[in-house]
Amino acid sequence: MVRKCDDDQDPPSDIAVVIHDCKVLKKSFSSCDFGFVKRECNRAAHYCTQKALSNGMFGLWTSILSP
């Protein structure tokens, strides 16, 4: 998915909307790089994603957590 955000090829249809949104948002920054982070190193994001998927919830991140 990370590679698809940086290339010009059409992504698979099941993730096309997400990739499109990433590319549009990327244009609003003066600098933006995408990078792969293993799940073990990104537990907070993984936890939030799994929680949202299991509850069928969609939400908005409204605060910043300290490391």
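Residues numbered from 1 in each chain as written. Predicted model: local features only at pLDDT ≥ 70, side-chain atom pairs only at ≥ 80, totals over all residues. Heavy atoms only, no water.

**Student:** In this structure, what is going on with the confidence of the model for the protein? I would like to understand it.
**Tutor:** It should be kept in mind that the predicted coordinates are not to be read in detail where pLDDT is low. On average, residues of the protein carry a pLDDT of 78, and 82% of them reach 70 or more. The secondary-structure element of the protein with the lowest mean pLDDT is helix 3 (residues 43-55), recorded at 77, while helix 2 (residues 16-26) shows the highest, at 88. (pLDDT = per-residue confidence, 0-100. Helix = DSSP H or I, 4+ residues; strand = E, 2+ residues; numbered from the N terminus.)

**Student:** Would you explain the pattern of salt bridges in this entry?
**Tutor:** In a structure, side chains of opposite charge can pair up when their charged atoms sit close to one another. Taken as a whole and assessed by the stated rule, the structure comprises one salt bridge. A salt bridge links Lys26 to Asp6; the nearest nitrogen and oxygen atoms lie 2.6 Å apart. Of the two residues, Lys26 is situated in helix 2 and Asp6 in helix 1 (residues 2-6); the sequence distance between them amounts to 20 residues. Overall, Lys26 belongs to the partly exposed group, its relative accessible area being 25%. (Salt bridge = Lys/Arg side-chain N within 4 Å of Asp/Glu carboxyl O. Buried < 20%, exposed > 50% of the residue type's maximum accessible area, 1.4 Å probe, protein only.)

**Student:** Looking at this model, I keep getting lost on the layout of surface pockets. Mind explaining?
**Tutor:** Rolling a probe over the atoms, with the probe sized like a water molecule, indicates the empty space that remains. One number sums up the size of the largest pocket: a volume of about 630 Å³. Forming the boundary of the largest pocket are 15 residues, of which Met1, Val2, Asn42, Ala45 and Thr49 lie nearest the centre. With three residues, the single largest contributor to the lining of the largest pocket is helix 3. (1 Å grid on protein atoms, 1.4 Å probe; cavity = no way out; pocket = protein on both sides within 12 Å on 5 of 7 lines; lining within 4 Å. Points joined across faces, edges and corners; volume = space filled by probe spheres on them.)

**Student:** What am I meant to see in the environment of Asp10 here?
**Tutor:** Considering the arrangement of structural elements, one finds Asp10 in the loop between helix 1 and helix 2. Along the backbone, Asp10 and His20 are 10 residues apart, and their C-alpha atoms lie at a distance of 9.4 Å.

**Student:** Which parts of the structure should I look at to understand the state of the cysteines?
**Tutor:** Two cysteines form a disulfide when their sulfur atoms are joined by a covalent bond. Applying the stated criterion across every chain, the model contains zero disulfides. As a non-bridged cysteine, Cys5 has Cys22 as the owner of its nearest cysteine sulfur, 3.9 Å distant. What makes Cys5 buried here is its relative accessible area of 6%. (Disulfide = S-S within 2.5 Å.)

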